[in-house]
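One letter stands for each residue in the lines below.
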Amino acid sequence: MAVKSSNVDFSTGSIPARIMAFALPLFLGNLFQQLYNAADTLIVGNFLGPDALAAVSSSGSLIFMMVGFFNGMAVGAGVVISHAFGAKDRERLEKAVHSDIAFGIIAGIIITVFAVIFTPLILRWISTPEDLLPLSSEYFRIYSAGIFFSVMYNILMGIMNALGDSRHPLYYLIISSFINIILDILFIAGFGMGVGSAAFATIISQAVSSVLCFIRLVRGEAGMRIRLRSIRIDGKELKAIISYGLPSGLQNSIVGLANTVVQASVNTFPAAAIAGFGVYGKIEGFVLLPITTFSLALTTFTAQTIGAGNLHRTKKGIKEGMAMDVISGEILGVLLFISAPFLVSLFSSDPDVIMYGARQARIEALFYFLPAISHGSAGILRGAGKAFVPMLVLLGSWCIFRVIFVRIALLFSHSIMLIYIAYPLTWLISSAVFILYLLCGRWLESRSPL
């Protein structure tokens, strides 16, 4: 029996209400995802010490680089699915959904095998200190063994979001978050196991959330329901998914690659600095939640309203959604600036770790209106079918310029403060370019049809 619809149709009704109805469950779901991501860091830092914390932290950018590609592909696939949903084209909708799942299964298996085999080589490539290498290898290899479930969760959640259902992914993330936290405490605090057990707990929780998403889609409405025998690649739909998803996937991976190169520079500093950098990254993930949530809502909103042929509504919603994005992000940035030492201390009692993490927060936190502008603009352009534009802008500013700035600046002064400064500087550059493009270009009227 098909389950009751929980999809948000952006083509009708109050725009702010529709955006909030979609964004709130998505925000809460991402919040719980951040919670179980942060649980590893928090519990490892408090029970296993700063070296173990640094070992886990040093893998963060690598994990984002791998998973981020498929997250970006899921967003691109969501544009194709949202267009079909908005246009009420059920035949194309089914083909796109099943092709997306087939692609995720194949790609998930490939990336899992690759990451497990090349773990030591990858960690040495990012200059992981030799004394941290055994712990880092243990954590990263075990995490990589289950990365298939992370890939599939991103694919399946992307499908549900594209159909306007952000509520059920929230339920599944709540369940998996509690599973991860309970297992982290049980394995590390209860059984005294090492950093690898934190990765194993994450694998189990991600497997649960991906299976629940799959079951939900199998039991979905007619026309939007997964049928196992229909999971196959449709050449036309895969081409469309790659066309819209590859720029977003490459963007995430390249940003992740740039952050990995920056992480290699961070790894030249003491273990406390590495740990502080990693802890701040976990905290920043929470602060960026409303920014990334509203940008995803803007992607779905833009794609659905364009699919429905209502460009007037598209333009109106873009303005209202961007305002919500910028205001919410900056409010949380101010709160982070005020509470930074306390928040870092939750992850580690080491005074040096707290000092490094709080210092980075105090430099970056007041500038969160800039990534809000960049993420929101990128979300709008992806929904409009202009996925290559945000890829090029973020590649140039967040990757190439950031890496060049860090490498050259450290030649003159080996200070981690220069790495902290690189982030708001590159946010400013990307935001300025996006604003100019949105204001001066005819990007909406000249969009390419799917």
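Definitions and cut-offs
Residues numbered from 1 in each chain as written. Predicted model: local features only at pLDDT ≥ 70, side-chain atom pairs only at ≥ 80, totals over all residues. Heavy atoms only, no water. Helix = DSSP H or I, 4+ residues; strand = E, 2+ residues; numbered from the N terminus. Rg over C-alpha atoms; globule rule 2.2 N^0.38 Å. Buried < 20%, exposed > 50% of the residue type's maximum accessible area, 1.4 Å probe, protein only. Contact = heavy atoms within 4.5 Å. Expected span 1.5 Å × (residues − 1). Patch = residues over 30% accessible without salt bridge, like charges linked within 9 Å, V, L, I, M, F, W, Y side chains within 5 Å. Areas by Shrake-Rupley, 256 points an atom, 1.4 Å probe, with all protein chains shown as cover. Salt bridge = Lys/Arg side-chain N within 4 Å of Asp/Glu carboxyl O. Phe/Tyr/Trp six-rings, centres within 6.5 Å; stacked < 30°, edge-to-face > 60°. Lys NZ or Arg CZ within 6 Å of the ring centre and 35° of its normal. Axes fitted to C-alpha atoms, helices over the stretch in contact; angles between N-to-C directions. Parallel < 35°, antiparallel > 145°, perpendicular 65-115°, else oblique. Left-handed = near helix turned anticlockwise from the far one by under 90°. Nonpolar A, V, L, I, M, F, W, Y, C, P; charged D, E, K, R; others polar.

Chemist: Help me out: how do you make sense of the overall build of the protein chain in this one?
Modeler: Per the secondary structure count, the protein chain includes 17 helices and zero strands. Rg of the C-alpha trace for the protein chain: 21 Å, near the compact-globule value of 22 Å for 450 residues, within the 12% margin. Within the protein chain, the proportion of its 450 residues that are buried is 58%. Within the protein chain, residue pairs in contact and separated by at least 24 positions form 84% of the contacts whose partners lie at least 6 positions apart.

Chemist: For this particular structure, what's the right way to read helix H7 (residues 147-162)?
Modeler: Spacing of three or four residues puts side chains on the same side of an α-helix, whose turn is 3.6 residues. Relative to the 22 Å expected for 16 residues at 1.5 Å per residue, H7 spans 23 Å between its end C-alpha atoms, a close match to the ideal helical length. For H7, the buried fraction is high: 14 of the 16 residues fall into the buried class. Looking one or two places after H7, you find Gly164, whose phi comes out positive at around 90 degrees.

Chemist: What is the right way to read the side chain of Ser377 from this model?
Modeler: The topology assignment puts Ser377 in helix H15 (residues 369-383). Residues contacting Ser377, with those up to four places away along its chain left out, are Met322, Phe434 and Leu438.

Chemist: Quick question: what am I supposed to make of a nonpolar patch on the surface here?
Modeler: On the surface, a cluster of nonpolar side chains totalling about 710 Å² of accessible area is made up of Ile327, Ile331, Val334, Leu335, Ile338, Leu366, Phe367 and Phe369. In terms of residue count, the dominant contributor to the nonpolar patch is helix H13 (residues 311-345) (five residues). One can find Phe369 in helix H15.

Chemist: I keep staring at the packing of aromatic side chains and nothing clicks. Help me out?
Modeler: The geometry of two aromatic rings is summed up by the distance between their centres and the angle between their planes. In this structure the tally under the stated criterion is six aromatic pairs. The side chain of Arg362 reaches across the aromatic face of Phe337, ending 5.2 Å from its centre.

Chemist: What exactly am I supposed to notice about the side chain of Ser265 here?
Modeler: Examined against the element boundaries, Ser265 turns out to sit in helix H10 (residues 235-266). Owing to a relative accessible area of 6%, Ser265 belongs among the buried residues under this scheme. With near-sequence residues (within four places) excluded, Ser265 lies in contact with Val406, Arg407, Leu410 and Ile419.

Chemist: Can you walk me through helix H17 (residues 416-440) in this structure?
Modeler: For H17, with 25 residues, the first-to-last C-alpha span of 38 Å sits near the 36 Å given by 1.5 Å per residue. All buried positions along H17 are accounted for by Ile416, Ile419, Tyr420, Ala422, Tyr423, Pro424, Thr426, Trp427, Ser430, Ser431 and Phe434. Next to the buried residues of H17 lie H10, helix H11 (271-287), helix H14 (351-364), H15 and helix H16 (388-412).

Chemist: I would appreciate a short explanation of the environment of Ile110 in the present structure.
Modeler: Inspection of the secondary structure assignment puts Ile110 in helix H4 (residues 90-117). By relative accessible area, Ile110 is classed as exposed at 56%. As a C-alpha pair, Ile110 and Leu395 span 285 residues in sequence and 25 Å in three-dimensional space.

Chemist: Help me understand the packing of H4 against helix H6 (residues 133-145) in this model?
Modeler: To characterise two packed helices, one gives the angle between the axes of the helices and the distance between these axes. Orientation of H4 relative to H6, taken along the N-to-C sense of each, is 160 degrees, at an axis distance of 8 Å. Taken together, the axes of H4 and H6 are roughly antiparallel relative to one another. Seen along the crossing, H4 lies across H6 with a hand that is left-handed. Between H4 and H6, the contacting residues are Thr112, Ala115, Val116 and Ile117 on the first element and Phe140, Arg141, Ser144 and Ala145 on the second. When its residues are assigned to classes, the contact of H4 with H6 shows five nonpolar, two polar and one charged.

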